[in-house]
Amino acid sequence: MVPTHTDDSCTPVRTVMARIADKWSLLTIMTLSDGTKRFSELQRGIEGISQRMLTLTLRGLERDGLVTREIFPTIPPRVEYTLTPLGQSMREPVNALGGWIVQNLPEIDAARRRFDAAAEDTGD
């Protein structure tokens, strides 16, 4: 039987996919895959992410049950982020995707150069 893709069945998948397939979410999950991190450690470990984007990403991942946030009552307060068991279950597919990208990057770069050169030749 061929699965039927309807708005009712696809909408929940799309919303979760939008969260976990976002580049900042993937990089955050990859960075947390080797253990608990403080906010500043995450920001240093994810090149190019702004403080605001990291905050929004962590909130979204926490809302979806992929990350937990623990606040320690120190001055200033210390906050640590950890993958939940659900988030941990994403480690393998996320790291596999990252590995696939690294393995195929030369071929992807070559395809981009060919495409860009062809587009330049046609004036696109």
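Enquirer: Looking at this structure, how should I read the pairing of strand β2 (residues 67-72)?
Expert: Pairing of β2 with strand β3 (residues 78-83), which is carried by six bridges, proceeds in the antiparallel orientation. Following the sheet pairing, Arg 69 is matched in β3 by Tyr 81. Turn length for the β2-β3 hairpin, with the two strands adjacent in sequence and antiparallel, is five residues.

Enquirer: How should I be thinking about the sheet that holds β2 in this particular structure?
Expert: One open sheet holds the three strands; their spatial order is β1-β3-β2, and the pairing between them is antiparallel. Here the strands that pair on one side only, and so sit at the sheet edges, are β1 (37-38) and β2. One ladder, built from two bridges, connects β1 with β3; its direction is antiparallel. Following the sheet pairing, Arg 38 is matched in β3 by Glu 80. Its contacts with the sheet place helix α2 (residues 23-32) against β1, β2 and β3, and it is angled at close to 95° to β3.

Enquirer: Can you walk me through the packing of α2 against helix α4 (residues 51-63) in this structure?
Expert: When two helices pack together, their arrangement is given by the angle between their axes and by how far apart the axes lie. Relative to each other, α2 and α4 sit at 75°, their axes nearing to 10 Å. It follows that α2 is roughly perpendicular to α4 by the angle criterion. Where α2 approaches α4, its residues Trp 24, Ser 25, Thr 28 and Ile 29 are matched on the opposing element by Met 53, Leu 54, Thr 57, Leu 58 and Leu 61. Taken together, the residues that form the contact of α2 with α4 break down as six nonpolar, three polar and no charged.

Enquirer: Help me understand the pattern of salt bridges, please; the structure alone is not making it clear to me.
Expert: Opposite charge on two side chains lets them pair, provided their charged atoms get close. For the structure on display, the rule yields four salt bridges. The partner of Arg 78 in a salt bridge is Glu 80, with the nearest N and O atoms 3.3 Å apart. With a relative accessible area of 26%, Arg 78 lands in the partly exposed category. Here Arg 112 ties to Asp 109 by a salt bridge, and the two come within 3.9 Å at their closest N and O atoms. Taken together, the residues Arg 112 and Asp 109, both in helix α6 (residues 91-122) and three residues apart, mark about one turn of the helix. Its relative accessible area of 28% is what places Asp 109 among the partly exposed residues.

Enquirer: What is the right way to look at the environment of Ser 50 in this model?
Expert: In this fold, Ser 50 is placed in the loop between α3 (39-45) and α4. Spatially, the C-alpha atom of Ser 50 lies 22 Å from that of Met 17, the residues being 33 residues apart in sequence. Polar contacts involving the side chain of Ser 50 include one to the main-chain amide nitrogen of Met 53, which spans 3.0 Å.

About the cut-offs
Residues numbered from 1 in each chain as written. Predicted model: local features only at pLDDT ≥ 70, side-chain atom pairs only at ≥ 80, totals over all residues. Heavy atoms only, no water. Pairing = 2+ DSSP bridges. Helix = DSSP H or I, 4+ residues; strand = E, 2+ residues; numbered from the N terminus. Contact = heavy atoms within 4.5 Å. Axes fitted to C-alpha atoms, helices over the stretch in contact; angles between N-to-C directions. Parallel < 35°, antiparallel > 145°, perpendicular 65-115°, else oblique. Nonpolar A, V, L, I, M, F, W, Y, C, P; charged D, E, K, R; others polar. Salt bridge = Lys/Arg side-chain N within 4 Å of Asp/Glu carboxyl O. Buried < 20%, exposed > 50% of the residue type's maximum accessible area, 1.4 Å probe, protein only. Polar contact = N/O pair within 3.5 Å; in protein donor to acceptor, adjacent residues only side chain to side chain.

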